[in-house]
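One-letter residues, chain by chain:
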Amino acid sequence: MDTENTINEPVTLLKDTTPSEWGLYSWKSKPIKHQPVYSDTEELSSVLKEIENAPKIVEIQDICDLQDNIRLCGLGDKMLIHLGDCAETFKDCNEVSIKNRFVLFNLCSLIINKILKKDVVKIGRIAGQYAKPRSSPVEVVNGVAMSSYFGDNINCFSPTKEGRVPNPEKLIKGYHWAVTTYHTIEKLMNYKTYEICRDVLEDQLREQTALDKDTPEYEDFINVIKECAEDLSDIEDLYVSHEGLLLDYESKLTKLCRYSEDESEKYFNTSTHFLWVGERTNKFDQAHVEYFRGIQNPIGIKVGPKSDPKDIVKSILTLNPENEMGRLTLILRLGAKNVKETLPPLIEEITNHKLNVVWVTDAVHGNTYVNDCKFKVRHFDTVLEELVSVYTILHKNNQIFGGIHLEVSGDNVTECLGGITKTCDDDLYTNYSTQCDPRLSFLQTLHLIYKFCIEVSKLDLLPTE
Ligand SMILES: O=C[C@H](O)[C@H](O)COP(=O)(O)O
Ligand SMILES: C=C(OP(=O)(O)O)C(=O)O
Ligand SMILES: [Mn+2]
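What you are looking at is a predicted structure, and each value in this text was computed from that prediction instead of being measured.

> In this structure, what is going on with the overall build of the chain? I would like to understand it.
Of the regular secondary structure elements, the chain holds 12 helices and 14 strands. Here the C-alpha radius of gyration of the chain, 21 Å, is about what a compact globule of 465 residues would show, namely 23 Å. Projecting the C-alpha coordinates of the chain onto the three principal axes gives extents of approximately 60 × 60 × 45 Å. When the 465 residues of the chain are sorted by exposure, 59% land in the buried category. Considering only residue pairs separated by 6 or more positions, the chain has 78% of its internal contacts joining residues 24 or more positions apart.

> Would you mind going over the site of ligand 2 with me for this structure?
By nearness alone, 13 residues border ligand 2, and Arg125, Lys132, Glu279, Lys302 and Arg333 come closest of all. Arg125 is positioned with one of its side-chain polar atoms (N or O) 2.7 Å from an oxygen atom of ligand 2. Residue Arg333 places a side-chain N or O atom 2.6 Å away from an oxygen atom belonging to ligand 2. In the complex, the protein chains occlude 98% of the 290 Å² of accessible area that ligand 2 would expose alone.

> Sorry if this is basic, but what is going on with helix α11 (residues 380-396) here?
An α-helical turn contains 3.6 residues, so a residue and the one three or four places further along point in the same direction. The terminal C-alpha atoms of α11, which comprises 17 residues, lie 24 Å apart, in line with the 24 Å expected from a rise of 1.5 Å per residue. Of all 17 residues making up α11, 12 are buried, and the element is well covered by its neighbours. Inspection of α11 places Phe380, Val383, Leu384, Glu386, Leu387, Val388, Ser389, Val390, Tyr391, Thr392, Ile393 and Leu394 among the buried residues, and these make up the whole buried set. For α11, the elements touching its buried residues are β10 (328-332), α10 (339-352), β11 (358-362), β14 (401-407) and α12 (442-458). Looking at the residues trailing α11, positive phi occurs at Asn398, about 60°.

> Help me out: how do you make sense of the coordination of the manganese ion (ligand 3) in this one?
Tetrahedral coordination by four donors sets the ideal angle at the metal to 109.5 degrees; octahedral coordination by six donors sets it to 90 or 180 degrees. Taken together, the protein donors to the manganese ion (ligand 3) comprise Cys86 (SG), His365 (NE2), Glu407 (OE), Glu407 (OE) and Asp437 (OD), at separations of 2.1 to 2.7 Å. One can describe the donor arrangement at the manganese ion (ligand 3) as irregular, given that its six donor atoms subtend angles of 52 to 179° at the metal.

> Would you mind showing me how to read the site of ligand 1 here?
Around ligand 1, the neighbouring residues are Cys86, Lys132, Pro133, Arg134, Ser135, Arg280, His365, Lys376, Glu407, Cys436 and Asp437. Between an oxygen atom of ligand 1 and a side-chain N or O atom of His365, the distance comes to 3.0 Å. Starting from 340 Å² of accessible surface for ligand 1 in isolation, the protein chains cover 81%. In terms of residue class, the shell around ligand 1 is made up of three nonpolar, two polar and six charged.

> Looking at this structure, how should I read the nonpolar core?
General note: in soluble globular proteins, nonpolar side chains tend to be found buried as a group. Counting residues in each nonpolar core, the largest one holds 123 residues, and the members touching the most others are Leu343, Leu406, Leu446 and Phe452. In terms of residue count, helix α3 (residues 95-116) provides more of this core than any other element does, 12 residues in total. Non-local contacts of Leu406, meaning those with residues more than four positions away in its chain, are made with His82, Leu83, Gly84, Arg125, Ala363, Val364, Val383, Leu440, Leu448 and Ile449. Residues Ile70, Leu75, Leu80 and Phe274 belong to the second largest nonpolar core, which totals 14 residues.

> Just checking my understanding: could you explain the packing of aromatic side chains for this structure?
All told, the structure shown has 13 aromatic pairs when counted by the stated rule. Look at Tyr391 and Phe452: their rings are 5.9 Å apart centre to centre, the planes differ by 75°, and that puts the pair in the edge-to-face class. With Tyr391 in helix α11 and Phe452 in helix α12, the pair connects residues that are 61 residues apart, well separated along the chain. Phe452 carries the same exposure label as Tyr391, and that label is buried.

> How should I be thinking about the UniProt feature "binding site: phosphoenolpyruvate" (unreviewed entry) in the chain in this particular structure?
On the UniProt side, "binding site: phosphoenolpyruvate" (unreviewed entry) is annotated at positions that read Arg125, Glu279, Arg280, Lys302 and Arg333 here. Mapping Arg125 onto the fold places it in strand β2 (residues 119-125). Using a relative accessible area of 1% as the deciding quantity, one classes Arg125 as buried. Inspection of the secondary structure puts Lys302 in strand β9 (residues 299-303). Separated by 2.8 Å, the side chains of Lys302 and Asp362 make a polar contact.

Cut-off values and rules
- Residues numbered from 1 in each chain as written.
- Chains lettered and ligands numbered in written order.
- Predicted model: local features only at pLDDT ≥ 70, side-chain atom pairs only at ≥ 80, totals over all residues.
- Heavy atoms only, no water.
- Helix = DSSP H or I, 4+ residues; strand = E, 2+ residues; numbered from the N terminus.
- Rg over C-alpha atoms; globule rule 2.2 N^0.38 Å.
- Buried < 20%, exposed > 50% of the residue type's maximum accessible area, 1.4 Å probe, protein only.
- Contact = heavy atoms within 4.5 Å.
- Near = heavy atom within 4 Å.
- Polar contact = N/O pair within 3.5 Å; in protein donor to acceptor, adjacent residues only side chain to side chain.
- Areas by Shrake-Rupley, 256 points an atom, 1.4 Å probe, with all protein chains shown as cover.
- Expected span 1.5 Å × (residues − 1).
- Donors = N, O, S within 2.8 Å, 3.2 Å for Na, K, Ca; no water.
- Tetrahedral: all angles 85-135°; square planar, octahedral: opposite > 155°, others 65-115°.
- Nonpolar A, V, L, I, M, F, W, Y, C, P; charged D, E, K, R; others polar.
- Core = buried A, V, L, I, M, F, W, Y, C linked by side-chain atoms within 4.5 Å.
- Phe/Tyr/Trp six-rings, centres within 6.5 Å; stacked < 30°, edge-to-face > 60°.
- UniProt positions renumbered as here; feature names shortened; annotations may be inferred.

In structure tokens:
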């Protein structure tokens, strides 16, 4: 049976996941991971009080509209792209950087629109993506042991012992930079998008002198992106998102709001439209899932290759007990080499429970490695392989491919290998400027989206039953 455009009836809650009453701080009674430890708790309290009184960053109506749009991605009518920095930085809250990211997201959307004939919903990892869970809480730089960098909301990137101490003041800065970034995006949305797109693309092409002209699709790719940059059609909203990691901060910006005349007040995280629970914090019986289950925003949950499908189902049942399509996006980050083995059992578990989820693939986080010169890198080909492989397996199992999640930069960075820019190990020294994971550059991202569209449009995928 082809499941296109079908919605499952709500399932009965599993007995052991029946939740107790939710409160804005009920997460405090659960085990919690990846929270900074502040030495000055008084200062932290006063900062959090200030944040609590701060105005909403986004509009409630837009949060609700996004959920409707994501629902359409889950039904196959639209496709989601969820793109942006691994760790957004305060210094990149400037006109050029925001504009470049804005243009990149628009161009990706236009490419999909043009080749796959799908409307696209755009979410940026932007305007608040300032907190990072790290593999190790400490690192040694030039022989000095210090705290790891946890994102601009928490400590400084520059490697000094003092700067790496978590500083509550940074939470306030993070709030203000998020506001500024969002206002800049709003201004751009009201502007003549095609004019900015054309200018930014021309600049990027001019800067990149060493493109791989031997690649067979080179001319078509360049023509497609230039045509897209002239296109006027895509003036739809760009939604914003971040990982909901720092629960003290997120709770303070979570407010009781009414979103239509006949609805009662409900809790919304008013700092962003969409939030996701990271792979390291996705357990159904821990603090993050507890916080997330009480907010009305559409949410995502990351799923790694080692996640137990049964645990993921428990988290889904906890987060989306009404089984609403569009409320919950499963962001798979399996790694290209693990997809064939790990995706089918997950699909089976989800379909056995008749759960309505939006399947999105994060094709970067499972494909990171450290090269011989100690750079954290990802290869273009592996990222593409994961995208196509997830698309194919979902389709073969009668599931809808809902969208793509990637870490990208709006600039001409050299952090990921391969693609149209032919970036190689030696090039990493040129402009490796990420503060956490390696991002695809502006042109690598466009090339990836283009190649993905071309490859999947060639696949002869018919419903299997
Ligand atoms: O973005 C995801 C994680 O925060 C990131 O991959 C952690 O990186 P690390 O393994 O260098 O700590
Ligand atoms: C932390 C992240 O990824 P993951 O939880 O998948 O490792 C992220 O997307 O920023
Ligand atoms: Mn990352």
